[in-house]
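Observations on chain architecture
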Amino acid sequence: MVLATPNPILRGEKVEANIELPTIDLLGERSEVSRQIVKACEEFGFFKVVNHGVPHDIISKMEEESLSFFSKPEAQKQLAGPAKPFGYGCKTIGFNGDMGEVEYILLNTHPLSIAHHSKTISSNNPTKFSFTVSWYIEAVKGLACEILDLMADGLRVSDTKLFSRLIKDSDSDSLFRLNHYPNNDYCSKDRDTSSPLPPYDHSRVGFGEHSDPQILTLLRSNDVGGLQISLDDNVWVPVAPDPTAFCVNVGDVLQAMTNGRFVSVRHRAIVTNSHKSRLSMAYFAAPALNALISVPKEVVTAEKPRLYRPFTWAEYKRTTYSLRLGDTRLNLFRICKDDPQVSN
């Protein structure tokens with residue numbers, strides 16, 4: 001789970017032109033694909049994948065179900081909330097006063113939990129909604145496992161299932177989130193409509209600055225922009241939307257498991273000045289709560305000693321979720337920094 005904060009563009013921040021994230025064709029030669037993924041995780045913490053194998057009809061049905069829900073009258077949507085933590089939420093996100101210009105559905109990925117919440121999310125046909133979500137999650141989970149195995153290959157970790165095994169656990173704490181951001185009609189209520197619009201309304205933060213605490217995030221969005229990443233302090237770079245690809249980003253746990261070699265990059269969503277609303281669908285791949293997170297020996301060297309002590313996902317999740325989003329920039333290193341007295 002990620003939390004949002006209502007901060008506008010801060011003094012001294014800079015927004016640069018769009019960048020093209022590395023786009024990786026998963027049908028390429030395996031060793032080359034592994035190399036490209038490792039390079040992208042080290043340099044950007046984000047990349048796109050094409051020829052990903054997730055059937056188009058599964059994606060289309062999930063988008064259809066999502067937009068059907070978000071198009072309902074507010075009173076009907078509220079029947080599926082509040083999100084504590086699962087269900088429907090609007091603007092108020094999390095437990096610590098974090099907010100954003102977004103409405104969302106947050107679900108645990110366990111089928112029984114999905115079926116339970118589908119009764120209020122889609123009262124007309126909860127079975128259809130439940131099946132659609134479960135099919136989508138199963139497909140993207142398979143994609144996440146494939147990517148994690150390619151990462152292990154690229155890092156030359158002897159146990160190539162080390163990362164993917166964590167999210168295959170039947171008690172996995174993975175999450176699925178649907179985000180719907182306001183369109184230009186909403187944004188134009190308080191402005192002079194005769195003035196031209198810039199591409200983004202940087203005073204309206206859709207989803208505030210954060211890194212994802214889990215292992216890996218797979219994001220699917222429509223053709224409306226808004227995602228920005230920060231590769232340097234106070235520099236934000238918009239990521240061009242690409243509805244043909246999945247956007248993949250490294251989570252805090254994976255940064256720890258790669259001994260800091262992969263980077264969990266801060267990112268956010270800004271409201272776009274578009275006549276079309278933005279829809280994003282995010283799968284957060286996480287381990288079981290009692291899973292022990294430790295650095296494999298293959299990524300620890302004399303030149304790169306172990307940075308993070310072993311910790312459980314429950315321990316890291318509990319501490320991270322107790323903080324407001326703006327307080328978590330150095331959270332992973334602060335909480336899980338290795339004790340220099342512990343040998344490598």
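Placed above this text is the structure.
In this text, all values refer to a predicted model and were calculated from it rather than measured experimentally. (Residues numbered from 1 in each chain as written. Predicted model: local features only at pLDDT ≥ 70, side-chain atom pairs only at ≥ 80, totals over all residues. Heavy atoms only, no water.)

The next point concerns unusual backbone geometry. With an omega dihedral of 0°, the bond running from Gly 81 to Pro 82 counts as a cis peptide bond. In this chain, Lys 84 is followed by Pro 85 through a cis amide linkage whose omega measures -10°. One can find Pro 85 in the loop between α3 (74-78) and β4 (87-92). You will see that Asn 51, though not glycine, has its phi angle at about 50°, which is positive. Position of Asn 51 among the secondary structure elements: in the loop between β3 (46-50) and α2 (56-70). Overall, the relative accessible area of 42% leaves Asn 51 in the partly exposed class. The backbone of Arg 156 sits at a positive phi, close to 60°, despite the residue not being glycine. By secondary structure assignment, the location of Arg 156 is in the loop between α5 (126-154) and α6 (162-168). (Helix = DSSP H or I, 4+ residues; strand = E, 2+ residues; numbered from the N terminus. Buried < 20%, exposed > 50% of the residue type's maximum accessible area, 1.4 Å probe, protein only.)

On to the pairing of strand β5 (residues 99-108), then. In terms of burial, β5 is largely enclosed, as nine of its 10 residues are buried. Pairing analysis gives five bridges linking β4 to β5, with the strands arranged antiparallel. Looking across to β5, one finds that Tyr 88 is bridged to Ile 105. (Pairing = 2+ DSSP bridges.)

This part takes up the sheet that holds strand β6 (residues 175-181). With mixed pairing, the eight strands of this open sheet are ordered in space as β2-β3-β11-β8-β13-β6-β5-β4. The open sheet has two free edges, formed respectively by β2 (23-25) and β4, since each of these has just one partner strand. Strand after strand, the sheet turns through a mean of 25° between neighbouring axes, direction not considered. Together, β2, β3 and β11 (246-250) form the strand contacts of helix α1 (residues 30-43), whose direction differs from that of β2 by roughly 160°. (Axes fitted to C-alpha atoms, helices over the stretch in contact; angles between N-to-C directions. Contact = heavy atoms within 4.5 Å.)

Turning our eyes to something else, we now look at α5. Across its 29 residues, α5 extends 42 Å between first and last C-alpha, which sits within 8% of the 42 Å expected from 1.5 Å per residue. Trailing α5 by a residue or two, Arg 156 shows a phi angle of about 60°, which is positive. (Expected span 1.5 Å × (residues − 1).)

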